[in-house]
Amino acid sequence: MLSRKTKHTVLKIISMFSVVRGYNIPIIALAQYLSAIFIMASEKRALDVLLDFNLFIIVLVSGLTIASGYIINNFYDSKKDLINRPNKSQLDRLVSQKTKLQVYFTVNFVVFLLAFFVSFRAVLFFSTYIFLIWFYSHKIKKITVVGNLTAAFLAVLPFFAILLYYKNLYPEIFAHATFLFLLILIREMIKDLENLKGDVANDYQTIPVLYGETFAKKIITALTVSTLIPIYYLIEIFEVGYMDLYFYVSLIILMFFLQKLWKSNTKPDYLKLHNILKFLVVSGVFCIVLINPSVLLHGKKIVETIVR
């Protein structure tokens, strides 16, 4: 049996894991590595990319920066989350606001030190990223439209860290980034509908608060239709291998999403829509390997040779 003190410590660890949304960070790290292997450094051997120490530091620092961003966002949203996410909020509050700030500054200091292993440019990039996340959480988040756009931009920014590292400016990369940006922007709009009560109570000037749910749904519909542009380029213009299957399926899911959107009017309904978009984003990460599946087969042969 665990002692009371041990149980309390375990609960605090679980609480901090919840605050930093530890389940998201490995997915982002995987997305960065897959993007590097299959898109941004496709001319290099996959093994060389995986063993690149500087890339490892960039991915690690990205994860730590995102974790610190979740902490500061949780710090400023504590009152709103009591209304919108009471169960999660109770778990998150097992760690005091003071402790959250201490962890936040410690993690940012570690990010600053680790970035020096790569370059001074990396230090500037991640310092700017940390500042933007703080400014978004403290000020921008409550501003109509700008808050949504900034949230989506910050979500795709870790991929620009990889882009700057490889100095690769292929246009298909921006098509992928645009599609991801639009999905995340739509998800942010759905979150505004989902969190309407808490936003009203805490004076967040979101589109549903100011203009109503119907107007917000029209904006979401327009954004969803606009995903056709990057999808067209990725399927018809650029070479994405078998990943075009993912984009065809995404079109079908997004049509279903729009149909369900206009029938939704409760928080559970919007939560389902939120999860549909989350599924598209996460499945898109794993589907990057479809660009060139032979890389995985080749890697499997290497592993089998080593084992023998």
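Residues numbered from 1 in each chain as written. Predicted model: local features only at pLDDT ≥ 70, side-chain atom pairs only at ≥ 80, totals over all residues. Heavy atoms only, no water.

Section: helix α13 (residues 213-226)
- For α13, which comprises 14 residues, the first-to-last C-alpha distance of 20 Å matches the rise-based estimate of 20 Å (1.5 Å per residue) to within 8%.
- Every buried residue belonging to α13 is among Ala216, Lys217, Ile220, Leu223 and Thr224, and all of these are buried. Considered in projection along α13, the buried side chains sweep an arc of 120° and stay on one side of the axis.
- Considering only its buried residues, α13 is in contact with α10 (171-194), α12 (207-211), α14 (228-237), α15 (244-261) and α16 (267-286). (Helix = DSSP H or I, 4+ residues; strand = E, 2+ residues; numbered from the N terminus. Expected span 1.5 Å × (residues − 1). Buried < 20%, exposed > 50% of the residue type's maximum accessible area, 1.4 Å probe, protein only. Arc of directions from axis to C-beta. Contact = heavy atoms within 4.5 Å.)

A look at the side chain of Lys141
- With respect to the element layout, Lys141 can be found in the loop between α8 (120-138) and α9 (146-166).
- Owing to a relative accessible area of 15%, Lys141 belongs among the buried residues under this scheme.
- Residues in contact with Lys141, not counting those within four places in the same chain, are Asn73, Asp77, Lys80, Tyr136, Gly147 and Tyr204.

Remarks on a nonpolar patch on the surface
- On the surface, Phe109, Phe112, Leu113, Phe116, Phe120 and Leu124 cluster together into a nonpolar patch covering about 620 Å² of accessible area.
- Every element with two or more residues in the nonpolar patch is listed here: α7 (97-115) and α8.
- Looking at which element gives the most residues to the nonpolar patch, the answer is α7, with three residues.
- Turning to its location among the elements, Phe116 is positioned in the loop between α7 and α8. (Patch = residues over 30% accessible without salt bridge, like charges linked within 9 Å, V, L, I, M, F, W, Y side chains within 5 Å. Areas by Shrake-Rupley, 256 points an atom, 1.4 Å probe, with all protein chains shown as cover. Salt bridge = Lys/Arg side-chain N within 4 Å of Asp/Glu carboxyl O.)

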